[in-house]
Structures are given as structure tokens and as C-alpha cells.
Amino acid sequence: MLKLLEGFDDATVAIESEGEVTHKDYEEVLIPRVKEILETHKKVKCFIHFTEGSTYSVGAMATDAMFGFRHLLSWDKVAIVSDIEWIHKAMRFILPIMPFKITLFAEKEYDEAKTWLNS
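Residues numbered from 1 in each chain as written. Predicted model: local features only at pLDDT ≥ 70, side-chain atom pairs only at ≥ 80, totals over all residues. Heavy atoms only, no water.

1. Looking at the side chain of Ser74
Here's step 1: Residue placement: Ser74 occurs in the loop between α2 (58-70) and β6 (75-81).
Here's step 2: For Ser74, a relative accessible area of 16% translates into the label buried.
Here's step 3: Apart from the residues lying within four places of it in its own chain, the contact partners of Ser74 are Leu38, Lys42, Lys43 and Val44. (Helix = DSSP H or I, 4+ residues; strand = E, 2+ residues; numbered from the N terminus. Buried < 20%, exposed > 50% of the residue type's maximum accessible area, 1.4 Å probe, protein only. Contact = heavy atoms within 4.5 Å.)

As C-alpha cells, this is what we get:
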């Protein structure tokens, strides 16, 4: 499940995952918020907090890839906060090929991730 987080500026989509993230979560939570931001801003900042036990369905992965690819140049900065091992392993492959700033933070760096995103 994805839920929007509060306390971020109007150019930021801030989400937290809990349990299984599905295609429906993207369609109902993430994508509408990104589209809303793009109505008034050229670029979107993104804060993602993956909580312990978060998993991704195949549908969520496919939706993430398709939506992300279609909006590849719409991202400004992405901060990912997690201690989940599979997230860290996946990011080792993804980080070097992204055309925007993306940084992975540990749980204990949650506040630093917010500061980095707004710097």
C-alpha cells in the first residue's frame, strides 16, 4: 500500500510504502499526485520511504517502469529512504543510469533525505 505523506512542498510527491505495493496503489495514489504537480511545475521532486516488509507486485513494477519512462525527464530529485536489502541491491543498478538526481538513504537518515530533497 502507498500513502501520501504530509509536510512537503507543493512540487513534491512524498509517499510511504507499507506491505505490498500494487498497480492499484500507483493508479490511485502516486500517479494522480504526480500529474497534479506537473500541472503547475516543470519538474517533480519525489520522497519515497519504503518501510520494513514492503514488497512490490509485478503489476506495480510494470506500472512504475512505464510511468517512469514516459515521464523520465519530469523528475528533479528523488530521495529513497529504506533499510530493505532488496531496495539497496536494485538501486545499485538503477542509480547510475537515471538522468536526474537520485539518492538512497538509510532509515536513520530520514531527516537528512528531506533536507537533501529541498536543497
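Next comes the rest of the description.
2. Quick look at the sheet that holds strand β1 (residues 2-4)
Here's step 1: The mixed open sheet is built from 5 strands, whose spatial order is β1-β2-β4-β6-β7. One side of each edge strand has no neighbouring strand; the edge strands of this open sheet are β1 and β7 (101-105). Strand-to-strand, the axes of this sheet are offset by a mean angle of 20°, without reference to chain direction.
Here's step 2: Relative to strand β2 (residues 12-17), β1 runs antiparallel, the two sharing 3 bridges. Each bridged residue has a counterpart across the sheet, and for Leu4 the counterpart in β2 is Ile15. (Pairing = 2+ DSSP bridges. Axes fitted to C-alpha atoms, helices over the stretch in contact; angles between N-to-C directions.)

In short, the description is geometric, and any link to function would need to be established separately.
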